[in-house]
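These are the residues of each chain, in order.
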Amino acid sequence: MNNEDGYELWLRYRQVSDTERLAQYRHALNSIVVPGASATAAIIKAELARALPALLGVPVPLSHEPVGNALVVGASVSEADRRRLGEEGFLIRCHQSEGGDRIFVTGNTDIAALRGAFHFLRLLQIEGDIRGLDLLSRPRIQHRILAHWDNLDGSIERGYAGRSLWHWEELPARIDPRIHDYARACASIGINGVCLNNVNADPRILTAETLEKAAALAALFRPYGLRVYLSPFFAAPMVLGGLDSSDPRDLAVASWWQRKAEEIYRLIPDFGGFQVKANSEGQPGPQDYGATHADGANMLADALAPHGGIVLWRAFVYDVAIDADRAKCATKEFVPLDGQFRPNVFVQAKNGPIDFQPREPFHPLFGAMRHTPLALELQITQEYLGQSVYLVYLGEMWKEVLESDTYAEGPGSTVARVVDGSLNHHAASCIVGVANTGSDRNWCGHHFAQANWYAFGRLAWDHTLSAETIADEWIRMTWSNDQAVVNAIKTMMLGSWQTCVNTMTPLGLHHLMQEGHHYGPDPGFNGARRADWNNVYFHRADSMGLGFDRSSTGSNAVSQYHSPLREQFDSLETCPDKYLLWFHHVPWDYRLRSGRTLWEELQMRYAAGVAGVERMRAIWASLQGRIDPQRHTHVSQRLEQQLGNARLWRQTCLDYFGQFVR
Ligand code: GCW
């Protein structure tokens, strides 16, 4: 078995192994016709010409007219279909004709045809049945954006896979050819936006010089259906423009942004918009002038609106003056502003109210702002989840969030329906994933972290897909179609998130990681300058018990959720175990549903964290010889490291919490 380095990601076209399927595909695909002449059509041609001969093991020529049974990509659609498909939706349909059978992959635009072409290739990659295909697929969420926390110096905030792919210093003169492969990967899973820079923004992102660099990337991305977004520095009018204020209500400030927007759109006509972190963790913002988040967002929105751009205004704020419980701050700050935002503003909230922890209950904002489109921000990069050492499949976590019921409009008011716009009747919708890519040869540091990039794209396109279906596809494309291998890897992946939660923060614990870098345990950490940057703030262990009391007799964060969740979370008896210590300060000898006391359960969970990694390690070892040696060894080494770290978590946390147990 040949060594592989993981560079090809899931676009790893190997000859189909099932002989019946192979015969079916060879029969159906004698030639390829891509009638379009655009840059996108050229990309479709190149992808099919690369993929089909490799998958089928025989030449599949590109031709102007169908020869024999043919795949035709990009042909026009009927009037009725046109309306159903929107801009990016596609159809895949089989037709029989005299000259031969045809498989048509069509859409309203070449970009739609590109999406369809990748979908069709995926069917072959997973060795599916392509006879009689008749499918229509369109995205459920409109803007599906990867957010890169890349700095202009090439470093990446919370990046664990090397340096920035952009090579800012070489742009615009040289564009790393690798970026084409990045764009192919994004296009193949339906991502349609890329925010190039860190939300902790460098003001220089908006200089004329940097904008030319961004424009070079935008030009590369355009035919792949990817728009570029930027994270501006809110005080740029002062830092770059020499104004003496950045007050959003100041006309000179607003007109500076208008001119900046004009300059951007001259260079990047399809520019997507701004993603903004303001008045959060030291970033400047409208509140510096006594103005509100709405004032700030609207001023930027007005500058972008004439050009069709949007503002993603982040709700990751936790000013202690707002509430002593950090989990409550964002909702308290933003709900009073609901209804005040321009139509091209999204308020963008993380999945949970604290900060991308291994598990959090969903962010209450999703049930609380009915008049504003809310963008969901997920973190693909594993800042708090073992970085590029841990094998953690995040598809399951994201499904839990998406399927969480906010009860905003009674049962069935899921986060997914808030985000896709259907619940509150918003035409616009957006989801953002903080990217885990970098210059490492395998893109994501850990071979299995590629699955999270993949899963983000697939869920952004269709949040009704199950985590298991997505894992199944990814495994077949990335590793093997051998059913035994697929089953083994799927078992590893589907248990991996719960294993990570058990390893670090079982039963609703959160934020116990080492300061700053957030890898490894440090439950006793108490040296930060802000109370809510200390780990003891979050777990509150004492001789009475463990956990943050957010019940109605504590911080009352439960009140930010709708009934019946509010009551369910509020009562120790009905609060789900997985959120127990998130919402309650629980006595050490309290008996959980399992019959074990809290202290016994905690020991059991930390042990389960270690056992889970041991199980993954054993399964992976059993796959030796069925996976290429290079990738097999790489993952084995990571699992070994993960195991060591899981043991450290168990020991550190049980030693630490044990001191409080009488
Ligand atoms: O998760 C925290 C990270 C910061 C990050 C911040 C945010 C970009 O520790 O590195 O800053 O959240 O989301 O703004």
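What counts, and where the lines are drawn
Residues numbered from 1 in each chain as written. Predicted model: local features only at pLDDT ≥ 70, side-chain atom pairs only at ≥ 80, totals over all residues. Heavy atoms only, no water. Helix = DSSP H or I, 4+ residues; strand = E, 2+ residues; numbered from the N terminus. Rg over C-alpha atoms; globule rule 2.2 N^0.38 Å. Buried < 20%, exposed > 50% of the residue type's maximum accessible area, 1.4 Å probe, protein only. Contact = heavy atoms within 4.5 Å. Areas by Shrake-Rupley, 256 points an atom, 1.4 Å probe, with all protein chains shown as cover. Lys, Arg positive; Asp, Glu negative; His and termini not counted. Charge placed at Lys NZ, Arg CZ, Asp CG, Glu CD. 1 Å grid on protein atoms, 1.4 Å probe; cavity = no way out; pocket = protein on both sides within 12 Å on 5 of 7 lines; lining within 4 Å. Points joined across faces, edges and corners; volume = space filled by probe spheres on them. Nonpolar A, V, L, I, M, F, W, Y, C, P; charged D, E, K, R; others polar. Expected span 1.5 Å × (residues − 1). Core = buried A, V, L, I, M, F, W, Y, C linked by side-chain atoms within 4.5 Å. Phe/Tyr/Trp six-rings, centres within 6.5 Å; stacked < 30°, edge-to-face > 60°. Lys NZ or Arg CZ within 6 Å of the ring centre and 35° of its normal. Pairing = 2+ DSSP bridges. Axes fitted to C-alpha atoms, helices over the stretch in contact; angles between N-to-C directions. Domains from an automatic or database assignment.

1. Topic: the overall build of the protein chain
1) Next: From N to C terminus, the protein chain includes 20 helices and 15 strands.
2) Next: Relative to the 2.2 N^0.38 estimate, which gives 26 Å for 662 residues, the radius of gyration of the protein chain is 25 Å and therefore close to what a compact globule would have.
3) Next: Along the three orthogonal principal directions, the C-alpha set of the protein chain runs to about 80 × 65 × 50 Å.
4) Next: With 662 residues in all, the protein chain has 62% of them scored as buried.
5) Next: Long-range contacts, defined here as pairs at least 24 residues apart, represent 73% of the contacts in the protein chain between residues at least 6 apart.
6) Next: On the protein chain, roughly 23,400 Å² of surface is accessible, and the fraction owed to carbon and sulfur atoms is 50%.
7) Next: Of the side chains in the protein chain, 63 bear a positive and 74 a negative charge, and the two mean positions are spaced by 3 Å.

2. Observations concerning empty space enclosed by the protein
1) Next: Taken as a whole, this structure holds five cavities of 30 Å³ or more when the rule is applied.
2) Next: A volume near 90 Å³ is recorded for the largest cavity.
3) Next: Around the largest cavity, the lining residues are A315, F316, V317, Y318, R326, A330, A349, K350, G352, P353, I354 and H363.
4) Next: For the lining of the largest cavity, the secondary-structure elements that each account for two or more residues are α10 (326-334) and β11 (345-350).
5) Next: Tallied by class, residues from the lining of the largest cavity come to eight nonpolar, two polar and two charged.

3. A word on helix α13 (residues 450-461)
1) Next: Across its twelve residues, α13 extends 17 Å between first and last C-alpha, which sits within 8% of the 16 Å expected from 1.5 Å per residue.
2) Next: Taken across its twelve residues, α13 has twelve buried, putting it largely inside the fold.
3) Next: Residues of α13 that are buried include every one of Q450, A451, N452, W453, Y454, A455, F456, G457, R458, L459, A460 and W461, and no others.

4. Side note on the nonpolar core
1) Next: Counting residues in hydrophobic clusters, the biggest one holds 203 residues, and the most contacted among them are L29, W166, F221, W453 and F657.
2) Next: No other element matches the ten residues that helix α15 (residues 483-504) contributes to this core.
3) Next: Once residues within four sequence positions are removed from consideration, L29 is found in contact with L52, L56, V60, N69, L71, I103, F120 and L124.
4) Next: Core analysis: the second largest hydrophobic core is formed by ten residues, C195, I310, L312 and C430 among them.

5. Focus on the packing of aromatic side chains
1) Next: For the structure on display, the rule yields 32 aromatic pairs.
2) Next: Where Y561 meets F569, the ring centres are 5.2 Å apart and the plane angle is 90°; that geometry is what we call edge-to-face.
3) Next: Ring geometry for Y656 versus F657: centroids 5.4 Å apart, planes at 70°, classification edge-to-face. Neither residue differs from the other here; Y656 and F657 are each classed as buried.
4) Next: Put simply, the rings of Y7, W10, W166, Y182, F221, W443, W453 and Y454 touch in pairs and so form one group of aromatic residues.
5) Next: The ring of Y7 is capped by R441, whose NZ or CZ atom sits 4.0 Å from the centre of that ring.
6) Next: Here R540 stacks its cationic end above the ring of F548, 3.9 Å away from the centre of that ring.

6. Topic: the pairing of strand β4 (residues 100-107)
1) Next: Within β4, six of the eight residues are buried, which leaves the element mostly enclosed by the surrounding structure.
2) Next: Taken together, strand β3 (residues 90-97) and the strand that follows it, β4, pair antiparallel across an intervening segment of two residues.

7. Some points on the sheet that holds strand β9 (residues 273-276)
1) Next: An order of β6-β7-β8-β9-β10-β11-β12-β13 is seen for the eight strands of this closed barrel, with the pairing classed as parallel. Across the sheet, the mean angle from the axis of one strand to that of its neighbour is 25°, orientation sign disregarded.
2) Next: Pairing of strand β10 (residues 310-314) with β11, which is carried by four bridges, proceeds in the parallel orientation. Bridge pairing in β11 places V311 opposite V345.
3) Next: Where α13 meets the sheet, its contacts fall on β6 (143-147), β12 (374-379) and β13 (430-434), and the angle it forms with β6 comes to roughly 160°.

8. Concerning the layout of surface pockets
1) Next: Here the largest pocket is characterised by a volume of approximately 650 Å³.
2) Next: Lining the largest pocket are 29 residues, with E87, E88, Q142, N192 and R227 positioned closest to its centre.
3) Next: Those elements that place two or more of their residues in the lining of the largest pocket are α4 (110-125), β6 and β8 (227-230).
4) Next: A class-by-class count of the residues in the lining of the largest pocket yields nine nonpolar, ten polar and ten charged.
5) Next: Here the lining of the largest pocket spans two domains, and each of domain 1 (19-137) and domain 2 (143-465) adds at least three residues to it.

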